[in-house]
Amino acid sequence: MIKKYLLTTAYAGIAALSASQASALDEITVAYFLEWPMPFQFAKANGTYEEEMGVKINWVSFDTGTAMSAAMASGDVQIAVSQGVPPFVVATSAGQDLQAVDVAVSYSDNDNCVVAEALEIDKDSAGELNGKKVGVPIGTAAHYGFLSQMAHFGVDVGSMEIVDMAPADGAAAFAQGNLDMVCGWGGALRRMVEHGNVLLTGTEKEELGILVFDVTSAPAEFAESEGELLSKFLKVTADANAMWNSGDKKDEMLPVIAKDAGMDLADAEATIATFTFPSAEEQLSEKWLGGGAQTFMKGVADIFVNAGSIEAALDSYEGAVNSAPLEAAQN
């Protein structure tokens, strides 16, 4: 069932890259997440993207990265901000021609799985999770983290009842006591930990090689035909990140970001404090788009194949990364 869902989502409308992308565009649609505060939202709220790009932008919020893939496949979305690497890998492994064009955010502490407090299970007793019911957004970064953690602890995923749930829905079911374990990110994760505990911290996950980062992605056809437009988008994003990273504009930026993310100020501040936003120069280094991201994508794909979640991995994910628009933006 999981495999069928993933393939259905990834293949949905792959052949239907429509004429809406083909012409010289006067408007585009960009996907993003609510309750996921990022510096780009300061520029989004202030109209900076439209000003610099000279096009109208329709901003549409999504619940999962898999839904973003489907929307890009159908031609309804041209750019997706902060798409998780696992849903990106699922789509490209299935044949969808997407490209990662920047590293949007790294966040090991803001994507995790939480065990119900009543079970009193921690990392020393994680074997007791065999046979338990888990809410997981399939094909996402949280799904990859879940599989990786269960592999580390030697838990038989096949013994578990896995329910495909968006993080907000999983958090609600978890609060009602309907799940033994739940996985997610952002505001939903904060609600989850009110009723349970994480098995591994972000630092502990990174030590095991369980990275968590998102990319900005786009259909390869759009990146090729509208490369200049895409570069302008990435330049505005990089400038917003630099403004945030400077540290002296946070008081000005945070209220705007929080409002755009649909969050109160305290929650937005707590969430964004767990994020890092690499500079364009860092993103183009060997650690990220210069080779590290491609290697990591291959590792994610191989884990999904071994778990029976996707049919096959690509031999290489070099073609799924396109650093040219970001290089142009930097210059």
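Before any of the text, the structure's been laid out above.
Residues numbered from 1 in each chain as written. Predicted model: local features only at pLDDT ≥ 70, side-chain atom pairs only at ≥ 80, totals over all residues. Heavy atoms only, no water.

### Some details on the state of the cysteines
Within this structure, the stated rule accounts for one disulfide. Each sulfur in the disulfide pair cysteine 113 and cysteine 183 lies 2.1 Å from the other. Where cysteine 113 bonds to cysteine 183 through sulfur, the torsion about that S-S bond is close to 105°, and the disulfide is right-handed. Taken together, the residues span a long stretch of sequence, with cysteine 113 in strand β5 (residues 111-116) and cysteine 183 in strand β8 (residues 181-185) at a distance of 70 residues. (Disulfide = S-S within 2.5 Å. Helix = DSSP H or I, 4+ residues; strand = E, 2+ residues; numbered from the N terminus.)

### Here we look at the pattern of salt bridges
All chains considered together, the criterion is met by seven salt bridges. Here glutamate 35 and arginine 191 are joined by a salt bridge, their closest N and O atoms 3.1 Å apart. Within this pair, whereas glutamate 35 is found in the loop between β1 (27-33) and α2 (40-45), its partner arginine 191 is found in helix α8 (residues 186-192), the two being separated by 156 residues in sequence. For glutamate 35, a relative accessible area of 25% translates into the label partly exposed. (Salt bridge = Lys/Arg side-chain N within 4 Å of Asp/Glu carboxyl O. Buried < 20%, exposed > 50% of the residue type's maximum accessible area, 1.4 Å probe, protein only.)

### Structural notes on the nonpolar core
Ile28, Tyr49, Leu129, Phe146, Met150, Met181 and Phe233 are the most contacted members of the largest nonpolar core, which has 97 residues in total. Grouped together as the second largest cluster of nonpolar side chains are 11 residues, Ala173, Phe174, Val182 and Met192 included. (Core = buried A, V, L, I, M, F, W, Y, C linked by side-chain atoms within 4.5 Å.)

### Topic: the layout of surface pockets
Here the largest pocket is characterised by a volume of approximately 220 Å³. In this structure, the largest pocket is lined by 14 residues; those nearest its centre are Leu34, Glu35, Phe62, Asp63 and Ala168. Those elements that place two or more of their residues in the lining of the largest pocket are β2 (56-62), α7 (167-175) and α8. (1 Å grid on protein atoms, 1.4 Å probe; cavity = no way out; pocket = protein on both sides within 12 Å on 5 of 7 lines; lining within 4 Å. Points joined across faces, edges and corners; volume = space filled by probe spheres on them.)

### Things to note about the packing of helix α5 (residues 85-93) against helix α15 (residues 292-306)
Two elements in contact, α5 and α15, have axes whose closest approach is 9 Å; the angle formed by their N-to-C orientations is 75°. With respect to α15, the element α5 is oriented roughly perpendicular. Where α5 abuts α15, its residues Val85, Pro86, Phe88, Val89, Val90 and Ser93 lie against Phe296, Met297, Val300, Ala301 and Phe304. (Axes fitted to C-alpha atoms, helices over the stretch in contact; angles between N-to-C directions. Parallel < 35°, antiparallel > 145°, perpendicular 65-115°, else oblique. Contact = heavy atoms within 4.5 Å.)

### Focus on the sheet that holds strand β4 (residues 98-106)
Strand order in the open sheet made by the five strands is β2-β1-β3-β10-β4, with mixed pairing throughout. Of all strands in the sheet, those bounded by a partner on one side alone are β2 and β4. With strand direction ignored, the average angle separating the axes of adjacent strands in the sheet is 25°. Of the pairings in the sheet, the one linking β1 to β2 comprises seven bridges and is parallel in character. Looking across to β2, one finds that tyrosine 32 is bridged to serine 61. (Pairing = 2+ DSSP bridges.)

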